[in-house]
Amino acid sequence: MIMKVTKTNRILGDIYISGSKNAALPCICCALLTKQKVILQNIPDIEDVRNLLIIIKKLGVKVKRQNNEIILSSKHLKSEVMNEVVSKLRGSYYLMGVLLARTSKVRMLYPGGCNLGERPIDYHLSGFEQLGFKVTKEKEFIEIKAEQKEGGIVTFPDISLGATINVIFAAVLLKGITIINNPSLEPEVLCVINMLTKMGANIKVEDQQVIIVGVKKLTGTTHQNIYDRIEAGSYMLLAGVVPNSRVVLHNANLEHLELIITVLRKMGIKITKNQDSLVVEGTNKIHKANILIGPYPFFPTDLQQILTVVLTKASGTSTIEDPVFPSRIAHLKELRKMGAYVYEDKGIIYIKESKIKSAKVQATDLRCAFGLIVAGAIANGNTYIKDIDYLFRGYEKPIEKLKAIGINVQII
Ligand code: EPU
C-alpha cells in the first residue's frame, strides 16, 4: 500500500486519542486467565488487535466485538498456538504466560512484530525457568511445561515490559508468593495489574518489585483500557512541527505524558493543559535537544523516530540516544532520501537542521510510518510512502484522524 502525503501549511482541529495498543494486547490475553466473561472497553480497532483476536478464537475463546468494546469468554482453552498469525505480532507472546497459568503447558510458534533489530524473548523464557517451568526451544516453536506449581523469585537483567507482564500472568495462579525484581512499571503494566486486581489477583508494587500472592482462581470483570500515550505523543509532535497549527487532543492522559510535554515545551512547542484536553500549537522555531530514551518515566522509545523528523527543523545539531532499541534506525535512511542530515554513530542519532524535500520513501515499521507522514507534511510537494500498511498495526483510524486536522493524505 502506498500513501501520498502533500505538504501542509497549517493543521487545525481535534484529535480523539484511542486506547493504548501496548496495554490492549496484554489486557485481551489477561481475559483468558478466567473462565468467566470479561468485558474490555477502549480497545483500539487496529491490525495487531484484530490479529490477536484471530489467534485466541482458534484457541477456543468466544469473542464478541462492538466498536471499542470486546466481550471475551474463555471456558475451554487449547494449549497449542501454532497459527501462523502468531508471527505477525509481538504481543502474541503474552499467550505463553496465560496458557501456562490456565493449562500448565504451551506450545507456540515464535512471536513476530515490527523489525527493530534483534527482538529476543530470552527474558520471558528465563523468567518462566526461574519460576520452575521447563522451556524447550525447537527450531519452529517453543514448548513450556509446568513441572511444579509454586511461585518463586524472578530477577530480570534489564527492564522489559513484555517479560514483566508475561511472568505476572504465569505466576498469578501459582501457589505461594512470586517476587519480580527489576520489573517494568510502565503505565501499560500498571493497567494490566489493575485489571488482574479486579479479577481477584493479589498483586502489590513496592520498592521496584512486583509481589504476587497466588490465588486459586480469577473471576470475570469489566475493565477500561488506558489511552495511548504514544498515539498522543505522535500527534503532539506532528502538530508541533507545522507552524501556526492548533490541535486539541482529547482523552490524553496528562500524567502519562508529563515528560513528553516537558521535552516538547523545551523544544519550543506550545502546549496548554486544559481540564480534559491538551492544546498543542505548532512553531517555526524548534529548539535543538539532546534526548535520552528509556523506560517510563523517561522519553519513550516508540516516539524516537517521529522525534527525529521534528528535530530536523531545529537549528544546530540534536542528538537522541535510545538504549532500549538501539537498532530502531531504519527510518534514517528514508529520511536521508528526503534531504535530512541524520545519521547514527556508536548508538547516538545525530540530527542536523535540514530542508526536508518530498521523495519516494518506504515505511520500515509502525513508528517509522508515522514519522514519514510527519516528514511528508513538512516537505514541499508530494511524498509517496511505500509499505504504509505498518501504520494500521498500531494507529486507529489514522487516515480519518489525519484528514480531520487537515493533513492531505491519500492511499493510492
Ligand atoms: N529484551 C531482551 N529480551 C527479552 C525482552 C526484551 O533482550 O526477552 C530487550 C529488548 O530487545 C529491548 C528491551 O529489552 O532492548 C526492552 O524491550 P521490552 O521487552 O520492554 O519491549 P517489548 O515488550 O518487546 C513493548 C512494546 C513495544 C515498545 C516496548 C518498550 C508491545 C507489543 N510492544 O515491546 O512497542 O517499544 O515495549 O516500551 O507491547 C511500538 O509500539 O512501536 C513497539 C515496538
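Details of the structure are given in the entry above.
Calculation rules
Residues numbered from 1 in each chain as written. Predicted model: local features only at pLDDT ≥ 70, side-chain atom pairs only at ≥ 80, totals over all residues. Heavy atoms only, no water. Buried < 20%, exposed > 50% of the residue type's maximum accessible area, 1.4 Å probe, protein only. Helix = DSSP H or I, 4+ residues; strand = E, 2+ residues; numbered from the N terminus. Pairing = 2+ DSSP bridges. Axes fitted to C-alpha atoms, helices over the stretch in contact; angles between N-to-C directions. Contact = heavy atoms within 4.5 Å. Polar contact = N/O pair within 3.5 Å; in protein donor to acceptor, adjacent residues only side chain to side chain.

Draft legend 1. Structural view of the pairing of strand β5 (residues 69–73). Residues Ile70 and Leu72 of β5 are buried on one face, while the alternating residues Glu69, Ile71 and Ser73, pointing to the opposite face, are not. The pairing of strand β3 (residues 38–41) with β5 spans 3 bridges and is classified as antiparallel. When the bridges of β5 are listed, valine 38 appears paired with leucine 72. The pairing of strand β4 (residues 62–66) with β5 spans 5 bridges and is classified as antiparallel. Each bridged residue has a counterpart across the sheet, and for lysine 64 the counterpart in β5 is isoleucine 71. Between β4 and β5, which follow one another and run antiparallel, lie 2 residues, and asparagine 67 among them has a positive phi close to 50°.

Draft legend 2. Up close: the sheet that holds strand β14 (residues 222–224). Pairing in this open sheet of 4 strands is mixed, and the strands run β4-β5-β3-β14 from one edge to the other. Here the strands that pair on one side only, and so sit at the sheet edges, are β4 and β14. Strand-to-strand, the axes of this sheet are offset by a mean angle of 15°, without reference to chain direction. Sheet strands in contact with helix α2 (residues 47–59) are β4 and β5, and its direction is about 150° off that of β4.

Draft legend 3. Structural view of helix α5 (residues 161–171). Counting buried residues along α5, 11 of its 11 residues qualify, which places the element largely inside the surrounding structure. Leu161, Gly162, Ala163, Thr164, Ile165, Asn166, Val167, Ile168, Phe169, Ala170 and Ala171 are the residues of α5 that are buried. Here α5 starts with a cap whose side-chain oxygen sits 3.0 Å from the backbone nitrogen of alanine 163, and that cap is serine 160.

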